[in-house]
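Chain residues, written in single-letter form:
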Amino acid sequence: MTSKPARFTRTLIALSLGTLLSACGGADQPAPKQVAAAASLNIAPGAPGAEPTWAFSGKTGIGTSYEPYVTTEQSAGRYLDTQANPVSRVWFSLAQGVLTETMYGLIHNAQLKEAQFIIAGNGFVDTEKENTITSIDYLHKDDAGRPLSLAYKVVNKDIEGKYQIEKHFFTDPDRDSLVMKVFFTAFEPGITPYLYVNPHIDNSGANDIASVSADGNSLYAYTGNQNSSVLTVRADLPFSQTSVGFVGVSDGLSDLKANGELNNLYSHTSADKQTLGNVAMTAALPTLKVGDAENPSLSTTFVFGFGQDQASSEQTAQKTLDAGYDAVLAAYNGEGDTIGWQDYLQQLSGLKAMTANTADAGKLLYASALVLKAQEDKTHAGALIASLSNPWGDTVSAVKGSTGYKAVWPRDFYQCAMAFLAMGDTQTPKVAFEYLKKVQVSEATPGYEGVPGWFLQKTHVDGQIEWVGVQLDQTAMPIMLGWKLWHAGVLSDQEISQWYQTMLKPAADFLVTGGEVNLDWNHTQIVPLKTQQERWEEQQGYSPSTAAAVIAGLISASDIAKQAQDLAAAERYLATAKEMAAKLDTLMVTQSPMLSASDGTQAPYYLRLAPNGTPDKADKLADNNGRAGLDQRLILDGGFLEMVRYGVKPATDARINATLKLIDNTKLEDNLRVRYEFTAKDGTRFPGFRRYGNDGYGEDTQTGGNYAENGSNTPGQRGRVWPFFTGERAHFELAKAIATDSLDAAKKQQLIDTYVKGMEAFANNGLMLPEQVWDGVGDSTRFNYQLGQGTNSATPLAWTHAEYVKMVRSLTDAKVWDHYPSVTDTLTSHP
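In the nomenclature of an unreviewed UniProt entry, the chain corresponds to Glucan 1,4-alpha-glucosidase from the organism Shewanella marisflavi.

### Details of the overall build of the chain
Along the backbone of the chain there are 21 helices and 26 strands. Computed over C-alpha atoms, the radius of gyration of the chain comes to 28 Å, within 12% of the 28 Å expected from 2.2 N^0.38 for 831 residues, which places it in the range of a compact globule. Based on the C-alpha atoms only, the size of the chain along its principal axes is roughly 85 × 60 × 55 Å. A burial count over the chain gives 63% of its 831 residues as buried. Sequence separation of at least 24 residues holds for 71% of the intrachain contacts in the chain that already meet a minimum separation of 6. For the chain, the computed accessible surface area is about 29100 Å², with 49% contributed by carbon and sulfur atoms. Averaged over its 68 positive side-chain charges, the chain has a centre that lies 4 Å from the centre of its 92 negative ones.

### A closer look at the side chain of Asp700
Of note, Asp700 is situated in the loop between strand S25 (685-690) and strand S26 (721-722). Of the buried charged residues, Asp700 lacks a salt bridge, with Arg720 as the closest side chain of opposite charge at 7.4 Å. Only 3.0 Å separates the side chain of Asp700 from the backbone nitrogen of Thr703, close enough to count as a polar contact. A polar contact is formed between the side chain of Asp700 and the side chain of Thr714, at a distance of 2.5 Å. Discounting chain neighbours no more than four positions away, the residues touching Asp700 are Gly705, Thr714, Gly716, Gln717, Arg720 and Asp779.

### Here's the deal with helix H4 (residues 252-259)
For H4, the buried fraction is high: 6 of the 8 residues fall into the buried class. Taken from the residues just after H4, Gly260 is the one with a positive phi, measuring 80°.

### Some details on the nonpolar core
Side chains of a nonpolar character, in soluble globular proteins, are inclined to be buried together. Counting 235 residues, the largest nonpolar core has Phe117, Phe302, Phe304 and Met423 as the members making the most contacts within it. In terms of residue count, helix H14 (residues 544-563) provides more of this core than any other element does, 11 residues in total. What Met423 contacts, discounting residues up to four positions off in sequence, is Tyr344, Leu348, Ser349, Gly350, Leu351, Met354, Ala369, Leu372 and Val805. One finds Ile118, Ala120, Val125 and Leu253 within the second-largest nonpolar core, a separate group that totals 11 residues.

### Notes on the sheet that holds strand S17 (residues 449-450)
Taken in spatial order, the 3 strands of this open sheet run S17-S20-S21, and their pairing is antiparallel. At either end of the open sheet lies a strand with only one pairing partner, and these are S17 and strand S21 (522-526). As paired elements, S17 and strand S20 (residues 515-519) share 2 bridges and run antiparallel to each other. Within S20, the residue paired with Glu449 across the bridge is Asn518.

### Considering helix H6 (residues 325-333)
Within H6, burial applies to Tyr325, Val328, Leu329, Ala331, Tyr332 and Asn333. Just downstream of H6, Gly334 is the residue with a positive phi angle, here 90°.

### Notes on the packing of aromatic side chains
Scanning the model with the defined rule gives 40 aromatic pairs in all. For the ring pair Phe170 and Tyr332, a centre distance of 5.9 Å and an interplane angle of 45° mean the geometry is tilted. Of this pair, Phe170 sits in strand S8 (residues 163-171) while Tyr332 sits in helix H6; the two residues are 162 residues apart in sequence, bridging distant segments of the chain. Neither Phe170 nor Tyr332 differs from the other in exposure class; each is buried.

### What to know about the environment of Asp425
Its place among the elements puts Asp425 in the loop between helix H10 (410-423) and helix H11 (427-435). When sequence neighbours within four positions are dropped, the list of residues in contact with Asp425 reads Tyr344, Leu348 and Phe420. In this structure the side chain of Asp425 is engaged in a polar contact, spanning 2.7 Å, whose partner is the side chain of Tyr344. Of note is the side chain of Asp425, whose polar atom sits 2.6 Å from the side chain of Thr428.

### Topic: the pattern of salt bridges
If charged atoms from side chains of opposite charge come close, those side chains can pair. Taken as a whole, this structure holds 43 salt bridges when the rule is applied. A salt bridge links Glu728 to Arg535; the nearest nitrogen and oxygen atoms lie 3.0 Å apart. A residue pair is termed long-range when its members are at least 10 positions apart, and Glu728 in helix H18 (residues 724-739) and Arg535 in the loop between S21 and H14 qualify at 193 residues. Here Glu803 and Arg645 are joined by a salt bridge, their closest N and O atoms 2.9 Å apart. Placement of Glu803 in helix H20 (residues 798-813) and of Arg645 in helix H16 (residues 642-646) is noted, with a sequence separation of 158 residues between them. Note on Arg645: relative accessible area 4%, which makes it buried. Connected via shared salt-bridge partners are Glu534, Glu538, Arg608, Asp637, Arg691 and Asp695.

Rules used throughout
- Residues numbered from 1 in each chain as written.
- Predicted model: local features only at pLDDT ≥ 70, side-chain atom pairs only at ≥ 80, totals over all residues.
- Heavy atoms only, no water.
- Helix = DSSP H or I, 4+ residues; strand = E, 2+ residues; numbered from the N terminus.
- Rg over C-alpha atoms; globule rule 2.2 N^0.38 Å.
- Buried < 20%, exposed > 50% of the residue type's maximum accessible area, 1.4 Å probe, protein only.
- Contact = heavy atoms within 4.5 Å.
- Areas by Shrake-Rupley, 256 points an atom, 1.4 Å probe, with all protein chains shown as cover.
- Lys, Arg positive; Asp, Glu negative; His and termini not counted.
- Charge placed at Lys NZ, Arg CZ, Asp CG, Glu CD.
- Salt bridge = Lys/Arg side-chain N within 4 Å of Asp/Glu carboxyl O.
- Polar contact = N/O pair within 3.5 Å; in protein donor to acceptor, adjacent residues only side chain to side chain.
- Core = buried A, V, L, I, M, F, W, Y, C linked by side-chain atoms within 4.5 Å.
- Pairing = 2+ DSSP bridges.
- Phe/Tyr/Trp six-rings, centres within 6.5 Å; stacked < 30°, edge-to-face > 60°.

What follows is the structure, encoded as structure tokens:
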């Protein structure tokens, strides 16, 4: 928490339009006639304003409406979009007690960076982010405290006790709008709240225009483009003052900080739709009467409405206001005859049994179900993204559009689809599986030449190509998912045979032969098992985790090929998988160890990656993320455990367990160390793990700066602990207990108390699970992170929530959910 700003001197500071223009115009300062014209039109000076960034990425909440699919066979895989049940395409996020990135249209299309209140009083000007203590809870819960919808209550209390702001957030499931109900309580006289909105229309914060309606009761934001989205902000009571301006120069916050008053009121930021920049909109509410928490001195409902033009945007906002807070919230929740979030939860047949195997009565389990479903696009059904966030967004430029993690990676996609299946949702993983064809490389892929069948590294939800690296695990996992859906009865024999011909056979063929790839910058020859990028998208070579997926994928493809009567291909896939499995230790296990277990013993172990498949040599990994590459034998990565999970290796394998001892060695220097210890609120100890030694994908240990904060990597960057590795370890420990016949009731409870409780401890107050948590090494940054607290990398991460769900399902079933029995049977019976 930052300290309060210094009290300003209550002296009226008159800043003329000319003075502002002189301060910020530089060589582009308008001529006197232009200044006069701008003044007469009430145009805000100071374009383009401060350089825009995104918001803090450690979200404590995300939300959107639940939209059911059409259930008829002819329209399967589409949303139910009718007059009675229109689809709402709005998503929001919350962080630091305020509304942050809000999307409209496609899930990556941000329209808003931030909306918070400025509070002016006797001798002070506060902002919610800097001057309050925040708490968050769910508005709709069951008797056990489990969330039943993604509707939130945020309470921000002034650190000096002068006021309190309570806010409720949810979307209108029938319209493209967001509701923010606010209850203000003043504990001393003279306090005036101002809503401050920083739009970033159509995924950029540098090309915006803002204006005020003629009656002063609507704020508008849009871009200079003809097809711009439009944001309208309205409330159910009139604004007492309104102004728009350029951030850091002529916006309401700059004005208020000068003397606590909104003196310079501007109605437009552009007279000709050509003056663009980073704009902000400010609306004043009446000065508050003194009240108490039970009887707030003022309450009002704000609506953020979206549309493709100003009229539709404003109409949407007004219709939501007319519908009323209670009715819209009830529809969002799914109360009464409406279809909402609680209806989705009721469809999840696995939740009841799984709840008994949590340590928090199912609170995180229910939240995870909601969060995973919320991170699906509403135009392209089945398009599952990695996270509704931009990693380290507060220092990432928003001048140009960026999807951040709001995009499709087949690897993260697989984790989510398997989690849906684990909860008993059979519709979403089927629709998601069918969506994958959109991101598979074929002759129709724009600009592609080469062998088809592999899946694109990263795409927008509409299939637009973003990154083009070849990752063999991302090509294997769609096959694995298809196999799981088939064996679960979600895909019929006929359906899996059809998908084999159209999608899975080309993928399996690529895993066997690889071939030439020519797309964008990527011109390479792929020779499996060597992958161009492993699961961290950083290095080429032979990766245990990639190999596990490829082998499991090919054996699964062999099973499916038999069903499709392609017997020659079935034998080819099986033979290739067995050949690959036989080479694993030769390619990836070093017989020349450079690391020791905590007891000083040495034994052969799996490397994180063998760039050339020569694990006994001093081959160096490539430099990346600010870190210089080190000898391959120095770098550990828990990815080898995926071989146990999928059935490629038994949990009792000597090489697996020898490598695990190195992973668990907390005496290793911090740069090479992977395991760290954490403590839950009840004192329970549990482990957390970094991706690998020498990881630089995180905050700088010396400066405390964000990852690549100034646009380039630094040598002090350090990747932190990722919570989903606690789940990966739980899966291994479960598999080992099964393999050694030691999984009794006491052992199962011990696994729950350690790993389930551990992952639950990593969740923040909004029950969001992060990508990374603070491990206590180096500068704790300007946010003063506490041990185990989620960092500003990406929260919530879908993969983390998915791993938690799968772990709970595995413990419920007393068997590993992601296990492929045919893989084990094949490699055991045919060594």
